[in-house]
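Residue-level structure breakdown
The lines below spell out each chain.
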Amino acid sequence: MSEQNKFSKDFLWGAATSSHQVEGGTHNNWSEWEQSPERIADLKKRGLHPSAFISGRACDHYHRFREDFDIAQSLGHNAHRFSIEWSRIEPQEGKFDEKEIEHYREVIKALKERGMEPFVTLWHWTLPLWMRDAGGWENTASGFYFARYCEKMANEFKNEVKFWLIINEPQYWVWHAYVAGVFPPQKKNIISTARVYRNLIHGHKEAYIRLKAIDPHAQIGIVESTGWLAPFIFQPFQSLRNFLFPMCVRGYFDFFGLNYYRKNTLMGRKEKNISEIGWEIYPEGLYRLLTAAHRKFKKPIFVTENGIADAKDEKRAAFIRDHVMGMKKAMDEGADVRGYFYWSLLDNFEWDSGFGPRFGLVEVDYTTLERKIRPSARAYQELMQTRSA
């Protein structure tokens with residue numbers, strides 16, 4: 001193994017999850033939307049079975065997190081990204097649930113006992129019902145509500161958590177919830193879009209200020225979904241597609257979390273190398289976007305999500321290897337990349353796509369909840385081991 005291909009020993013390797021997608025038993029705006037008559041009628045109209053699109057117990061990670069972290073440890077992971085479920089922590093406006101706070105304290109403790117660095121996402125798309133009823137992110141007070149919750153989490157876990165991610169993929173979420181109208185609240189309104197975007201920016205900045213005041217040494221990041229736009233005619237739009245929100249909160253994050261899955265071919269025929277859900281596999285895109293993020297922000301970068309839907313586990317090992325090689329190429333050219341998180345540790349509830357796509361390093365039988373490590377997870381483990389300096 002050449003020295004050029006090796007990573008430092010302090011490079012972070014792991015996988016990612018989010019609360020609503022794996023925990024089960026959540027009660028928030030998404031869980032209610034999943035079971036709404038309108039949603040069920042729409043699924044039936046499309047010939048789909050509604051039960052496959054209701055999160056329910058998901059992977060029951062809420063009760064099985066220690067078992068799942070044992071698996072991650074056995075696979076050589078030294079970091080793990082997860083999200084705290086706001087609706088559990090603050091089920092009523094201004095009233096915090098101490099039992100749920102202790103639950104996440106145990107989650108963090110379990111990770112650290114297994115030698116894994118916790119990366120904690122504070123908001124991954126789901127809202128407490130009181131927040132939804134108050135207008136969600138359209139409410140001018142939403143940034144205040146969110147920052148208050150973030151401040152509470154920082155006060156509780158300041159001695160246990162070093163890495164915080166404030167908001168997951170804000171631009172992606174706004175587009176799907178308020179432009180395309182796919183995610184709840186399924187609006188297609190430009191005024192609402194602008195209002196929500198403004199409030200997300202305010203919420204992120206205020207949360208950053210409060211977290212830093214509590215722990216000046218905390219590392220606080222922004223996470224955005226990125227995709228490589230093709231063909232060449234769309235290159236002038238790359239920054240708007242990938243970096244608009246981070247540019248709007250410049251100065252209010254210590255590191256950039258980059259999520260990358262695919263090439264977005266907007267015109268012409270796609271390549272044949274696609275995932276089982278039709279996403280075009282393009283490792284070169286990760287290299288290009290990492291170098292672009294480095295030039296634009298001059299901040300440390302973590303690849304906070306990168307994964308493939310592959311139930312048969314035929315392409316995942318090569319997918320990880322090729323994207324890690326693209327990441328290393330960007331690092332060799334100066335990008336300060338400090339960690340890689342595969343999406344996801346477990347097969348899970350993939351939002352409006354339900355339980356169909358299989359992204360996990362670990363296969364989950366949704367009937368028995370049995371976990372089964374896929375061969376690609378071992379290939380990822382070997383890659384980590386052989387590429388460590």
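Just above, that's the structure.
Our subject in this report is the structure included herewith. (Residues numbered from 1 in each chain as written. Predicted model: local features only at pLDDT ≥ 70, side-chain atom pairs only at ≥ 80, totals over all residues. Heavy atoms only, no water.)

Some thoughts on the overall build of the protein
Put simply, the rule reads: Labels follow the DSSP assignment, with helices taken as runs of H or I lasting at least four residues and strands as runs of E lasting at least two, numbered in each case from the N terminus. Throughout this description, buried means an accessible area under 20% of the type-specific maximum (1.4 Å probe, protein chains only), exposed means over 50%, and partly exposed covers the range between. In this analysis, two residues are considered to be in contact whenever any of their non-hydrogen atoms come within 4.5 Å of each other. To measure how exposed things are, a 1.4 Å probe is used in the Shrake-Rupley method; for residues, cover is taken only from the protein chains shown. When charges are counted, Lys and Arg contribute as positive and Asp and Glu as negative, whereas His and the chain ends are disregarded. We put the charge of a Lys on NZ, of an Arg on CZ, of an Asp on CG and of a Glu on CD.
Counting its secondary structure elements, the protein contains 14 helices and 10 strands. With respect to the three principal axes, the spread of C-alpha positions in the protein is 55 × 50 × 50 Å. Within the protein, the fraction of its 389 residues that count as buried is 58%. When contacts within the protein are restricted to residue pairs at least 6 apart in sequence, long-range pairs at least 24 apart make up 76% of them. Working note: accessible area of the protein is about 16,000 Å², and carbon and sulfur atoms make up 52% of it. When the 54 positive and 50 negative side-chain charges of the protein are each reduced to one mean point, those points stand 5 Å apart.

Things to note about helix H8 (residues 142–157)
Filter applied, for reference: A helix is expected to reach a length of 1.5 Å times the quantity of its residues less one.
With 16 residues, H8 extends 23 Å between its outermost C-alpha atoms, agreeing within 8% with the 22 Å of an ideal straight helix rising 1.5 Å per residue. Every buried residue belonging to H8 is among Ser142, Gly143, Tyr145, Phe146, Ala147, Arg148, Tyr149, Cys150, Met153, Ala154 and Phe157, and all of these are buried. Where H8 is buried, its residues touch helix H5 (86–89), helix H6 (98–113), strand E3 (117–123), helix H7 (129–133), strand E4 (163–168) and helix H10 (190–214).

As for the side chain of Gln21
As a reminder of what qualifies: Any pair of nitrogen or oxygen atoms within 3.5 Å is treated as a polar contact; in protein, a donor-acceptor pairing is required on top of that, and neighbouring residues in sequence qualify only through side-chain atoms on both sides.
Mapped onto the elements, Gln21 comes out in helix H1 (residues 19–22). Classification of Gln21 as buried rests on a relative accessible area of 1%. One polar contact links Gln21 to Asn348, side chain to side chain, over a distance of 3.2 Å. At 3.0 Å, the side chain of Gln21 and the backbone oxygen of Phe349 are in polar contact. With near-sequence residues (within four places) excluded, Gln21 lies in contact with Ala58, Cys59, His124, Trp343, Asn348, Phe349, Glu350 and Trp351.

Let's talk about the sheet that holds E3
What counts, and what does not: At least two DSSP bridges between two strands are needed for those strands to be called paired. Working convention: axes come from line fits to C-alpha atoms, limited for helices to the stretch in contact. Angles between N-to-C directions cover 0 to 180 degrees.
The strand order around the closed barrel built from 8 strands is E1-E2-E3-E4-E5-E6-E7-E8, with neighbouring strands paired in parallel fashion. Neighbour to neighbour, the strand axes of the sheet diverge by 30° on average, direction disregarded. In this structure, strand E1 (residues 12–16) lies alongside strand E8 (residues 337–343), joined through 5 bridges in parallel fashion. Each residue of the ladder has a partner; that of Ala15, found in E8, is Tyr342. Strands E3, E4 and strand E5 (219–230) of the sheet are contacted by helix H9 (residues 170–179), whose axis makes an angle of about 60° with E5. Sheet strands in contact with helix H12 (residues 283–297) are E5, strand E6 (255–265), strand E7 (301–305) and E8, and its direction is about 140° off that of E6.

Remarks on the nonpolar core
Condition: Each nonpolar core is a collection of buried residues, namely Ala, Val, Leu, Ile, Met, Phe, Trp, Tyr and Cys, held together in the definition by side-chain atoms within 4.5 Å.
Trp13, Trp123, Phe146, Trp164, Trp173, Met327 and Tyr340 are the most contacted members of the largest nonpolar core, which totals 101 residues. If near-sequence neighbours (up to four positions away) are discounted, Phe146 is found in contact with Trp86, Leu122, Trp123, Trp137, Ile166, Ile167, Gly203 and Ala207. Residues Ala16, Ala79, Phe255 and Phe341 belong to the second largest nonpolar core, which totals 14 residues.

Quick look at the packing of aromatic side chains
Our working rule: Any two rings among Phe, Tyr and Trp, with Trp reduced to its six-membered ring, count as a pair given centres within 6.5 Å; such a pair is stacked if its planes are under 30 degrees apart, edge-to-face if over 60, and tilted if neither. In this scheme, Lys NZ or Arg CZ marks a charge over a ring once it lies within 6 Å of the ring centre and within 35 degrees of the ring normal.
Here the structure, examined in full by the defined rule, presents 43 aromatic pairs. Consider the rings of Phe146 and Tyr149, whose centres lie 6.1 Å apart with planes at 50°: the pair is tilted. One end of the pair is Phe146 and the other is Tyr149, both in helix H8 and 3 residues apart, which spans about a single turn. Given a relative accessible area of 0%, Phe146 falls into the buried group. Through a chain of ring-to-ring contacts, three or more aromatic side chains come together here, namely Trp86, Trp123, Trp130, Trp137, Phe144, Tyr145, Phe146, Tyr149, Trp173 and Tyr178. Positioned above the aromatic ring of Tyr287 is the side chain of Lys329, whose terminal nitrogen or guanidinium carbon lies 4.2 Å from the ring centre.

Here's the deal with the pairing of E1
The buried count for E1 comes to 5 of 5 residues, which makes it a mostly enclosed element. Neither face of E1 is left uncovered, since the one carrying Leu12, Gly14 and Ala16 and the one carrying Trp13 and Ala15 both have all their residues buried. When E1 meets strand E2 (residues 79–83), the two strands line up parallel, connected through 3 bridges. Paired with Gly14 across the strands is Ala79, a residue of E2.

Focus: the pattern of salt bridges
For side chains bearing opposite charge, pairing can occur when the charged atoms are close. Worth spelling out the cut-off: Any carboxyl oxygen of Asp or Glu that lies within 4 Å of a side-chain nitrogen of Lys or Arg is treated as forming a salt bridge with it.
Applying the stated criterion across every chain yields a total of 31 salt bridges. Salt-bridge contacts for Asp60 lead to Arg64; the nearest nitrogen and oxygen are separated by 3.3 Å. Among the ionic pairs, Asp347 bridges to Arg358, the shortest N-O distance being 2.7 Å. Pair noted here: Asp347 is in the loop between E8 and strand E9 (362–364) and Arg358 is in the loop between E8 and E9, with a separation of 11 residues, a long-range link. Each member of the pair, Asp347 as well as Arg358, is classed as buried. Each member of the salt-bridge network shares a partner with another, and the members are Glu98, Glu102, Arg105, Lys152, Glu156 and Glu160.

In short, shape yes, function no, at least from these values alone.
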